[in-house]
Amino acid sequence: MKTQITEQKLTQLFNEHSAYVYRTALLLTRSEALADDITQETFIKVMKKYDLYDEGRPFRPWINRIAVNITRNMLRKQTWFKLFGQHMPEVVDTAGGQGFVPDSSQEVWQHVAKLSLKCREVIVLHYYQDLSLEEAAQVLGIPLGTCKSRLNSALSKLRIVMKQDSDNALFQGGKLYER
């Protein structure tokens, strides 16, 4: 039987990975309050389930999977609370991607943030967290083909939305402006 995680090891893991987990949660939820909660819940889960972690494998995909699952659960719970009229932190783009998304891609991020969670997950993991498609599929717990399909679908939706916005930007005050 594996031993439980020590306080020193947990502190080390938190110091090394908390910013990464927070960034993932923030990009997926667009809410600083939820990202904080998800980061805390992730490390609580790491503490409780560390004995299940295979130390022969990389740690980041394992913790990423925990963070993504907790994010999904939090967002699902938030939907149910809204349905029954209870309050939970709003999912609003409080950070706007600031500090986590380069200034040059803020416009793209605003469109990505509007996509469904499934589309956003694969884009965030692959493009913003620099995971390979194989790693993203592992984190999401889906086959590689499904991950590729979701990415293709997400990029197609993103292209359509961005084209519509650029076309709409040409019309201002009832007049057509040239690019």
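Everything numeric here is computed off the predicted structure, so don't read it as measured data. (Residues numbered from 1 in each chain as written. Predicted model: local features only at pLDDT ≥ 70, side-chain atom pairs only at ≥ 80, totals over all residues. Heavy atoms only, no water.)

Chemist: Tell me what's going on with the packing of helix H1 (residues 7-29) against helix H5 (residues 117-128), and back it up with residues and numbers.
Modeler: Where H1 contacts H5, the two axes come as close as 9 Å, and the packing angle between them is 140°. As H1 packs across H5, the resulting crossing turns out to be right-handed. Between H1, through Arg23, Thr24, Leu27 and Leu28, and H5, the contact on the second element is made entirely by Leu117, Arg120, Glu121, Val124, Leu125 and Tyr128. For the contact of H1 with H5, a count of residues per class yields six nonpolar, one polar and three charged. (Axes fitted to C-alpha atoms, helices over the stretch in contact; angles between N-to-C directions. Helix = DSSP H or I, 4+ residues; strand = E, 2+ residues; numbered from the N terminus. Left-handed = near helix turned anticlockwise from the far one by under 90°. Contact = heavy atoms within 4.5 Å. Nonpolar A, V, L, I, M, F, W, Y, C, P; charged D, E, K, R; others polar.)

Chemist: Describe the confidence of the model for the chain, naming the residues involved and giving the relevant values.
Modeler: On average, residues of the chain score 81 in pLDDT, and 75% of them are at 70 or above. Averaged pLDDT values over the elements of the chain bottom out at 50 in strand S2 (residues 175-176) and peak at 94 in helix H2 (residues 32-49). Throughout residues 90-99 the model reports pLDDT below 50, and contacts reaching past four residues in sequence, or to other chains, amount to 23 contacts. (pLDDT = per-residue confidence, 0-100.)

Chemist: Kindly report on the layout of surface pockets, identifying the contributing residues and their values.
Modeler: Of the volumes computed, that of the largest pocket is approximately 470 Å³. Lining the largest pocket are 20 residues, and of these Pro61, Trp62, Arg65, Ile66 and Asn69 lie nearest its centre. Per element, the largest residue contribution to the lining of the largest pocket is nine residues, and it comes from helix H3 (residues 59-83). (1 Å grid on protein atoms, 1.4 Å probe; cavity = no way out; pocket = protein on both sides within 12 Å on 5 of 7 lines; lining within 4 Å. Points joined across faces, edges and corners; volume = space filled by probe spheres on them.)

Chemist: A description of the nonpolar core should follow, citing residues and the corresponding values.
Modeler: Core analysis: the largest hydrophobic core is formed by 25 residues, its most contacted members being Trp109, Ile123, Leu125, Tyr128 and Cys147. Among the secondary structure elements, those contributing two or more residues to this core are H1, helix H4 (106-112), H5, helix H6 (133-140) and helix H7 (144-169). The biggest single contributor to this core is H5, with six residues. If we ignore the near neighbours within four places in the chain, the residues touching Cys147 are Val122, Leu133, Ala136, Ala137 and Ile142. Listed in part, the 21 residues of the second largest apolar core include Tyr22, Leu26, Ala67 and Met74. (Core = buried A, V, L, I, M, F, W, Y, C linked by side-chain atoms within 4.5 Å. Buried < 20%, exposed > 50% of the residue type's maximum accessible area, 1.4 Å probe, protein only.)

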